[in-house]
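Below, each chain spelled out in residue letters.
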Amino acid sequence: AFMSYKAGMSHIVRDVDRPGSKLHKKEVAESVSIVETPPMVVVGFVGYVETPRGLRALTSVWAGHLSEEVKRRFYKTWHKSKKKAFTKYQKRWEEASKEGKAM
């Protein structure tokens with residue numbers, strides 16, 4: 001699944017290939033939607049476990065190195081903030097990678 005949005009519409013002209021149809025081997029104009037999908041960067045994922053009530057989030061795993069562009073998304077006022085998002089997680093990730101353990 002990709003995040004996308006409808007950018008517009010256009011039309012195409014194609015040959016119909018349906019034996020037995022009145023339109024067989026004739027040109028037909030059809031409408032088409034143009035869908036725009038901007039580039040995505042995965043910064044983490046969530047693991048789920050199935051319970052009798054449905055799915056429940058088990059854990060979240062974030063990337064070890066998050067760019068400043070990603071961190072800005074987690075703040076309402078980036079210019080006023082102390083910019084400490086994910087610093088503890090990054091520190092634990094670096095320690096685990098030095099020891100050779102998986103987080």
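Predicted model only: the values in this text are computed from it and were never measured.

Moving on, we come to the overall build of the protein. A tally of regular secondary structure across the protein gives 2 helices and 4 strands. Its C-alpha atoms give the protein a radius of gyration of 25 Å, clearly above 13 Å, the size a compact globule of 103 residues would have. Along the first, second and third principal axes, the C-alpha atoms of the protein reach 70 × 40 × 30 Å. A total of 103 residues make up the protein; the buried ones form 13% of that total. Of the contacts made within the protein by residues no fewer than 6 positions apart, 32% connect residues no fewer than 24 positions apart. Surface exposure of the protein reaches about 9400 Å², of which carbon and sulfur atoms provide 54%. Averaging the locations of the 21 positively and 11 negatively charged side chains of the protein gives two centres separated by 11 Å.

A complete count under the given rule lists 1 salt bridge for this structure. One salt bridge in this structure joins glutamate 30 and arginine 14, with 2.9 Å as the shortest N-O distance. Taken as a pair, glutamate 30 in strand E2 (residues 27-36) and arginine 14 in strand E1 (residues 5-15) lie far apart in primary sequence, 16 residues in all. For glutamate 30, a relative accessible area of 30% gives the class partly exposed.

Looking now at a nonpolar patch on the surface. Nonpolar side chains collect at one region of the surface, where Phe2, Met3 and Met40 lie side by side and expose about 390 Å² of accessible area between them. If you trace the backbone, methionine 40 turns up in the loop between E2 and strand E3 (44-51). For methionine 40, a relative accessible area of 45% gives the class partly exposed.

Moving on, we get to the packing of aromatic side chains. By the definition in use, this model includes 4 aromatic pairs. Measuring from ring centre to ring centre gives 5.7 Å for tryptophan 62 and phenylalanine 74, while their planes differ by 80°; the resulting arrangement is edge-to-face. Taken together, the residues tryptophan 62 in strand E4 (residues 54-62) and phenylalanine 74 in the loop between helix H1 (68-72) and helix H2 (87-99) connect sequence positions 12 residues apart. The class of phenylalanine 74 is partly exposed, set by a relative accessible area of 45%. Arranged with centres 5.1 Å apart and planes meeting at 75°, the rings of phenylalanine 74 and phenylalanine 86 form a pair that is edge-to-face. Taken together, the residues phenylalanine 74 in the loop between H1 and H2 and phenylalanine 86 in the loop between H1 and H2 connect sequence positions 12 residues apart.

About the cut-offs
Residues numbered from 1 in each chain as written. Predicted model: local features only at pLDDT ≥ 70, side-chain atom pairs only at ≥ 80, totals over all residues. Heavy atoms only, no water. Helix = DSSP H or I, 4+ residues; strand = E, 2+ residues; numbered from the N terminus. Rg over C-alpha atoms; globule rule 2.2 N^0.38 Å. Buried < 20%, exposed > 50% of the residue type's maximum accessible area, 1.4 Å probe, protein only. Contact = heavy atoms within 4.5 Å. Areas by Shrake-Rupley, 256 points an atom, 1.4 Å probe, with all protein chains shown as cover. Lys, Arg positive; Asp, Glu negative; His and termini not counted. Charge placed at Lys NZ, Arg CZ, Asp CG, Glu CD. Salt bridge = Lys/Arg side-chain N within 4 Å of Asp/Glu carboxyl O. Patch = residues over 30% accessible without salt bridge, like charges linked within 9 Å, V, L, I, M, F, W, Y side chains within 5 Å. Phe/Tyr/Trp six-rings, centres within 6.5 Å; stacked < 30°, edge-to-face > 60°.

Honestly, it's all geometry; don't read function into it.
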